[in-house]
Every structure is written in C-alpha cells, then in structure tokens.
Amino acid sequence: MLDDIPADDQSSVNIVIDLNIISGLLKSMARCKYCNKCDSLIIFEDARSRRGLCVSLTLHCTFSGQAFTSMSSNSTNGIYDINVRLAYGLRCIESLSKFSDASMKKAVEETVEMNNSNRDITAAFDGSWQIRGHISLNGVVSATSLETGFSGGMESAGILKKFQRSEILRNVKYANYLGDGDSKAFNTVSERKVYRNDFEVKKLECIANVLKRMGSRLRALRNSMKSRKLSDGKGISGRGRLTDNEISKLQQYCGLAIRRNMHSVSDMFKAVWAIYFSKLSTDSAPQYGLCPTSPDTWC
C-alpha cells in the first residue's frame, strides 16, 4: 500500500500535533526491533531542550528500555527550519496586517467621499461565534476584530470597541448603525455616549433580517399548530394553507411593502396590513381597500 503513495505527497511538512496521538499510533501499529513487542513504544518531549518551536523528542520502549532521541526539525547552519518558517510566517502576518489596514483606510475614505465628504457615516455590524448557542468563548465582530469572552456579551463589547476607536483610527463617526435586529449591542453604544452627549447614533434595520425573522416565526407558528384544527375545521398547513411557498410569498410581499414606502411610515404601515387583509379576502367578502393602486401591484 505504501508503494502507491506518490513521491510528492507533502509528507515532509510542519504540523501541530498532540504527542499522545503519536504515542497511540505507535502503540497500535509499531513493534520494537529489540523486543519485538507491540504496545511498548511511547514518545515524549524533553521540555528543557526547546529551541523556539523545535524540541527534543525521545522514542522509548517500555519493555526493552531502549530509547532514541532526535530534534523535531531539521537544521541548516545551526538554525532549525521550523523556527525559520515561524519567523517568515510572522512577517507575512505583519505584512498582511499593514495591507489590511491600508485597505480599510481606503474603504473609509471612499465611503466619506460618497457621503458628500461628511465623516459621519453609516456602518454595518455583526458578530459570529466559533460555536452556536451563546456558549462560545471565541468570536469575531464584523470581519476584522478577534474578540474573546462570553458570546452573550462579546458582540456588544466588540462593536462598542469599534465605535470607541473610529475617530482615532479612521477619523469618522458611525452615525448610523445597521445591525441584524439584535438591539443589545446598539443599546450598549447608545448608553455609553461614545462620541458626545448631543451626538445620537441612529439604528437602521436590515430589511433582509426583518423578512428572515418573519419567515422563521411563521414556520414556528405552523409547527406549533400542526396538530390543531382551525375554525374552518382544517389544519394550518397543506394545500392552499400556510405552506413554505406561501410563507415565501408573504416575505416577498412584505419586502415590497417596505421598500416601496421608505418615504412614509404611514404608507408602509398600510401596505403591510394590506397583505393581511388581502389574504383574508374572499369573493363574497373582498377586503382590498388597503391594496396599492399602482399598475404593478401584487395585490
């Protein structure tokens, strides 16, 4: 089987691995050439021998007592290869950090220019966690800032930090906050008065997230009532009822109602309720009074 492995299989690489795993592999497969016994070989590190990332490893047979020692990396002119790779990697990270910072500064200036040279700009914020369910200790806020802590408050802390350093690093104020519907982070920013007492940060709502929550709640409602009969003796789901396709249509109609009435909260309110009454309408009891009158109306 080993003969089938190609010569360029990347077998000579540097990886991070638990020594207990290597010991387990040796015990399950290898035999000591002196005592010919399995389950006898262990590998361990001499911590006093560390040279950067390079260490001295000892392979020891617990039956024969034989042991062999080797450094964990090859060396060139007395310099261990793994340490050279580490230094190179850190320099690459430093270069990437400088490039990223320059790119972000450029993006900020382009945003200011598009905002009629007004440095009070709109920014979108979000957080993501290593593990779902608000139990993660690691996460990222937006795409650039690594945060550690408890995920319940990590997003708020990370976003607050971005507001606090926006003037120092970017010479801008985040005047409009576009989030994902979770108001905890926005409340934290508002309460801390990041810029000054008379400067109000406004919260914008993402329409896509509003529609997403609408769909999630309709599906949750359908699932919670799937075993119940409605007043007409039928279930909530099934043909002509609250199907996935119907929920998608409701999301689409609601999105149109919002986007086409951004100029007026009152008109938006009427347009959203028009969806509800339109769905209640029958030939004998039409309820289309709130429907839009435009030629391309969905109603």
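Residues numbered from 1 in each chain as written. Predicted model: local features only at pLDDT ≥ 70, side-chain atom pairs only at ≥ 80, totals over all residues. Heavy atoms only, no water.

- The protein appears in an unreviewed UniProt entry as Mutator-like transposase domain-containing protein from Trichonephila clavipes.

## Let's talk about the overall build of the protein
And then number 1: Each helix and strand counted, the protein has 8 helices and 11 strands in total.
And then number 2: Counting only residues that meet the buried cut, the protein has 25% of its 299 residues in that class.
And then number 3: Across the protein, every contact between residues at least 6 apart in sequence was considered, and the portion connecting residues at least 24 apart equals 41%.
And then number 4: When the accessible area of the protein is evaluated, it comes to approximately 21000 Å², of which 54% is carbon and sulfur surface. (Helix = DSSP H or I, 4+ residues; strand = E, 2+ residues; numbered from the N terminus. Buried < 20%, exposed > 50% of the residue type's maximum accessible area, 1.4 Å probe, protein only. Contact = heavy atoms within 4.5 Å. Areas by Shrake-Rupley, 256 points an atom, 1.4 Å probe, with all protein chains shown as cover.)

## Side note on the confidence of the model for the protein
And then number 1: This prediction gives the protein a mean pLDDT of 81; 84% of its residues lie at or above 70.
And then number 2: Strand β9 (residues 145-148) is the least confidently modelled element of the protein, averaging 42 in pLDDT, while helix α7 (residues 244-259) averages 91, the highest of any element.
And then number 3: Predicted confidence for residues 143-149 stays below pLDDT 50, and this span has 21 contacts to residues more than four positions away or in other chains. (pLDDT = per-residue confidence, 0-100.)

## Description of the pattern of salt bridges
And then number 1: Tallied over the entire structure, the rule returns 12 salt bridges.
And then number 2: Measuring nitrogen to oxygen at the nearest pair gives 3.3 Å for the salt bridge that ties Arg48 to Asp46.
And then number 3: Where Lys98 meets Glu94, a salt bridge forms, and the shortest distance between an N and an O atom there is 3.7 Å. Here the residue Lys98 and the residue Glu94 both occupy positions in helix α2 (residues 81-114), the gap between them amounting to 4 residues, near one helical turn.
And then number 4: Overall, Lys98 belongs to the exposed group, its relative accessible area being 55%.
And then number 5: On the accessibility criterion, Glu94 (44% relative accessible area) is partly exposed.
And then number 6: Residues joined by salt bridges that share partners form a network here, namely Asp101, Lys105 and Arg170. (Salt bridge = Lys/Arg side-chain N within 4 Å of Asp/Glu carboxyl O.)

## Focus on the sheet that holds strand β10 (residues 173-178)
And then number 1: Across the sheet, which stays open at both edges, the 3 strands sit in the order β6-β10-β11 with parallel pairing between neighbours. For this open sheet the edge positions go to β6 (120-124) and β11 (202-204), each flanked by a neighbour on one side alone. Taking the axes of each pair of neighbouring strands and ignoring which way they run, one obtains an average angle of 35° across the sheet. (Pairing = 2+ DSSP bridges. Axes fitted to C-alpha atoms, helices over the stretch in contact; angles between N-to-C directions.)

## Thoughts on the packing of aromatic side chains
And then number 1: In this structure the tally under the stated criterion is 10 aromatic pairs.
And then number 2: When the ring of Trp273 is compared with that of Phe277, the centres are 5.9 Å apart and the planes differ by 35°; the resulting orientation is tilted. Taken together, the residues span about one helical turn, with Trp273 and Phe277 both in helix α8 (residues 265-280) at a distance of 4 residues.
And then number 3: Ring-pair connections join several aromatic residues into one group, and the members of that group are Phe163, Tyr174, Tyr177, Phe186, Tyr195 and Phe199.
And then number 4: Looking at Lys37, its charged tip hangs above the ring of Phe63, at a distance of 5.2 Å from the centre. (Phe/Tyr/Trp six-rings, centres within 6.5 Å; stacked < 30°, edge-to-face > 60°. Lys NZ or Arg CZ within 6 Å of the ring centre and 35° of its normal.)

## Focus: the side chain of Thr58
And then number 1: Within the secondary structure, Thr58 sits in strand β2 (residues 54-61).
And then number 2: When neighbours within four sequence positions are excluded, Thr58 is seen to be in contact with Ile42, Ile43, Phe44, Ala67, Phe68 and Thr69.

## Concerning a nonpolar patch on the surface
And then number 1: On the surface, Val13, Ile15, Ile17, Ile21 and Leu25 cluster together to form a nonpolar patch covering roughly 470 Å² of accessible area.
And then number 2: Mapped onto the fold, Leu25 is located in helix α1 (residues 19-29). (Patch = residues over 30% accessible without salt bridge, like charges linked within 9 Å, V, L, I, M, F, W, Y side chains within 5 Å.)

## Some details on the packing of α7 against α8
And then number 1: Where α7 contacts α8, the axes come no closer than 8 Å and their chain directions differ by 155°. By the angle between their directions, the pair α7 and α8 is classed as roughly antiparallel. Crossing geometry of α7 relative to α8 is assigned as right-handed. In this structure, α7 contributes Glu246, Leu250, Tyr253, Cys254, Ala257 and Ile258 to the contact, and α8 contributes Met268, Ala271, Val272, Ile275 and Lys279.
And then number 2: Here the contact of α7 with α8 is composed, by residue class, of 9 nonpolar, no polar and 2 charged. (Parallel < 35°, antiparallel > 145°, perpendicular 65-115°, else oblique. Left-handed = near helix turned anticlockwise from the far one by under 90°. Nonpolar A, V, L, I, M, F, W, Y, C, P; charged D, E, K, R; others polar.)

## Some words on the sheet that holds strand β3 (residues 67-71)
And then number 1: Judged by pairing direction, the sheet is antiparallel, and its 3 strands sit side by side in the order β1-β2-β3 without closing on themselves. With partners counted over all chains shown, the strands left at the sheet margins are β1 (41-51) and β3, one partner each. The average angle at which neighbouring strand axes cross in this sheet is 20°, direction not considered.
And then number 2: With 5 bridges connecting them, β2 and β3 associate as antiparallel partners. Each residue of the ladder has a partner; that of His60, found in β3, is Ala67.

## Section: the packing of helix α6 (residues 207-224) against α7
And then number 1: Contact geometry of α6 with α7 gives a least axis separation of 10 Å together with a crossing angle of 150°. What the angle tells us is that α6 and α7 run roughly antiparallel. The hand of the α6/α7 crossing is right-handed. The segment α6 lies against α7, with Ile207, Val210, Leu211, Lys212, Met214, Gly215, Leu218, Arg219 and Arg222 engaging Asp244, Ile247, Ser248, Leu250, Gln251, Cys254, Gly255, Ile258 and Arg259.
And then number 2: Each residue belonging to the contact of α6 with α7 can be placed in one class, and the counts come to 9 nonpolar, 4 polar and 5 charged.

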